[in-house]
Amino acid sequence: NAGVTQTPKFQVLKTGQSMTLQCAQDMNHEYMSWYRQDPGMGLRLIHYSVGAGITDQGEVPNGYNVSRSTTEDFPLRLLSAAPSQTSVYFCASSSRTRGTGELFFGEGSRLTVL
Amino acid sequence: AQSVAQPEDQVNVAEGNPLTVKCTYSVSGNPYLFWYVQYPNRGLQFLLKYITGDNLVKGSYGFEAEFNKSQTSFHLKKPSALVSDSALYFCAVRKISSGSARQLTFGSGTQLTVLP
């Protein structure tokens, strides 16, 4: 049972480059989300999705794009990377109909933008 | 809007002593409250949650948390700390009526260090 899988685990980009962080879950969860973790700031919600074809912005969406074409996958795209996007990114999922909002997290993707 | 405060960035405790990690929250309406733990270079792991009912909630690894509605607090506790409990702990809140959004708001985290 893989749970939530994120790739890559590490990535170094130059300013202006674009890339996609991949997230896949095998728990048939309707809800998926992306957070970024920065020292002293906890986790901040970037984008989330309540089901295939539905996405919405979180607290810090600027510079990021998402899509949800399937229940399993929720990629996060950085359109033009900036040093301020250096962070650790976490994908998380939960069931809308089962449980009470408990999130299941991936292992994280550490991104450095030079 | 909902928010979470973890007033201590760092908590140090001797092995075998009781530990407390503090959390206060602000939300309109009734909350769901959660504690997560993060070990170095790992994702967050669920520890316990308060939904309704008994104010004392028991979770994984011997941890428990006490919900206090009047003080809007949800402090994490353990009677006897282990060195292996050393990690980063996050408190999170969600409004019960937030429906399908499932948006959790996290605190800034508290680094717990248990000294041998």
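Quick notes on the rules
Residues numbered from 1 in each chain as written. Chains lettered and ligands numbered in written order. Predicted model: local features only at pLDDT ≥ 70, side-chain atom pairs only at ≥ 80, totals over all residues. Heavy atoms only, no water. Buried < 20%, exposed > 50% of the residue type's maximum accessible area, 1.4 Å probe, protein only. Helix = DSSP H or I, 4+ residues; strand = E, 2+ residues; numbered from the N terminus. Pairing = 2+ DSSP bridges. Contact = heavy atoms within 4.5 Å. Buried area = accessible area lost by both parts, 1.4 Å probe. Salt bridge = Lys/Arg side-chain N within 4 Å of Asp/Glu carboxyl O. Polar contact = N/O pair within 3.5 Å; in protein donor to acceptor, adjacent residues only side chain to side chain. Nonpolar A, V, L, I, M, F, W, Y, C, P; charged D, E, K, R; others polar.

A. Structural detail: the pairing of strand β3 (residues 19-25) of chain A. All names here are of chain A. Because side chains alternate across β3, one face comprises the buried residues M19, L21, C23 and Q25, and the other comprises T20, Q22 and A24, none of which is buried. Here strand β1 (residues 4-7) pairs with β3 via 4 bridges, running antiparallel. Paired with T5 across the bridge in β3 is A24. Relative to strand β8 (residues 76-78), β3 runs antiparallel, the two sharing 3 bridges. Within the sheet, the bridge partner assigned to L21 lies in β8 and is L76.

B. Structural view of the interface of chain B and chain A. Residue-level contacts link 22 residues of chain B with 25 residues of chain A. Summing the contributions of chain B and of chain A, the shared interface buries around 1,900 Å²; its carbon and sulfur component is 49%. In this assembly, chain B and chain A are joined by 1 salt bridge. R42 of chain B is paired through a salt bridge with E107 of chain A; the nearest N and O atoms lie 2.6 Å apart. The interface formed by chain B and chain A includes 4 residue pairs in polar contact (both at pLDDT 80 or more). The dominant element in the side of chain B that touches chain A, judged by the number of residues it contributes, is strand β5 (residues 31-38) of chain B, at 4 residues. Each residue belonging to the side of chain B that touches chain A can be placed in one class, and the counts come to 11 nonpolar, 7 polar and 4 charged.

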